[in-house]
Amino acid sequence: MNQDTINLIQKYYEAFNKGDMETFMTLLTDDVIHDINQGKREIGKEAFAQFMACMNYNYKEQLVDMVVMATPDGTRAAAEFVVLGEYLKTDEGLPVAQGQKYRLPAGAFFEVRDNKVARITNYYNLQDWIAQVSA
């Protein structure tokens, strides 16, 4: 496994957990590809920043139990973790937010270029999340 890539992904998630969006965004290539869970593909830092602004407005999340793996050449990585969250504001097309808490297994796949994240593909079970916030 490639330790530089593992360190990059760990730094990415450390910045996320701290709410340090400035550092978080510096870890991305300008043409970063973001494959949204069960959604569309967005390209570029600006689109990613807008996505994160929406997420940070609607949700409060911390990622725990992190496991990061990387290919020997460092061009690909994967992370598995648990999302501990609180649903703060109603997100369009989803159940009404009432401060519901949730615990959700999730994962992400990465492409890495020039020691920056060039693609991130997130996955979690949306039906599980909906069931938790609808209970």
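To start, this report covers the structure provided alongside it. (Residues numbered from 1 in each chain as written. Predicted model: local features only at pLDDT ≥ 70, side-chain atom pairs only at ≥ 80, totals over all residues. Heavy atoms only, no water.)

Before going further, it helps to spend a moment on the overall build of the protein. When its secondary structure is counted, the protein shows four helices and six strands. Start at the N end of the protein and walk to the C end: the helices and strands fall as α-α-β-β-α-β-β-β-β-α. Relative to its length of 135 residues, the protein is compact, with a C-alpha radius of gyration of 15 Å against a globular reference of 14 Å. Overall size of the protein, expressed as C-alpha extent along the three principal axes, is 45 × 30 × 25 Å. (Helix = DSSP H or I, 4+ residues; strand = E, 2+ residues; numbered from the N terminus. Rg over C-alpha atoms; globule rule 2.2 N^0.38 Å.)

Glancing now at helix H3 (residues 45-58). End to end, H3 covers 20 Å across 14 residues, agreeing with the expected 20 Å (1.5 Å per residue, within 8%). Of the surrounding elements, those touching the buried residues of H3 are helix H1 (3-18), helix H2 (21-26), strand S1 (28-35), strand S3 (59-70), strand S4 (76-87) and strand S6 (116-124). (Expected span 1.5 Å × (residues − 1). Contact = heavy atoms within 4.5 Å.)

Our focus in this paragraph is the side chain of Glu61. Mapping Glu61 onto the fold places it in strand S3. We note that Glu61 is buried and unpaired, the nearest opposite charge coming from Lys60 at a distance of 12 Å. Beyond its immediate stretch of four places on either side in the chain, Glu61 contacts Phe16, Asn17, Met55, Val83, Leu84, Gly85 and Tyr102. (Buried < 20%, exposed > 50% of the residue type's maximum accessible area, 1.4 Å probe, protein only. Lys, Arg positive; Asp, Glu negative; His and termini not counted. Salt bridge = Lys/Arg side-chain N within 4 Å of Asp/Glu carboxyl O.)

Time to look at the packing of aromatic side chains. In the structure shown here, the tally under the stated rule is twelve aromatic pairs. Seen from their ring centres, Tyr12 and Tyr13 are 4.9 Å apart, and the 85° between their planes marks the pair as edge-to-face. Feature note: the residues Tyr12, Tyr13, Phe16, Phe24, Phe48, Phe51, Phe81 and Phe110 constitute an aromatic cluster, connected by ring pairs. (Phe/Tyr/Trp six-rings, centres within 6.5 Å; stacked < 30°, edge-to-face > 60°.)

So, about unusual backbone geometry. Negative phi is the rule for most residues except glycine; trans is the rule for most peptide bonds. Positive phi values are uncommon outside glycine, yet Asp65 reaches one of about 55°. Of note, Asn115 is a non-glycine position whose phi angle comes to about 55°, a positive value. Within the secondary structure, Asn115 sits in the loop between strand S5 (101-113) and S6.

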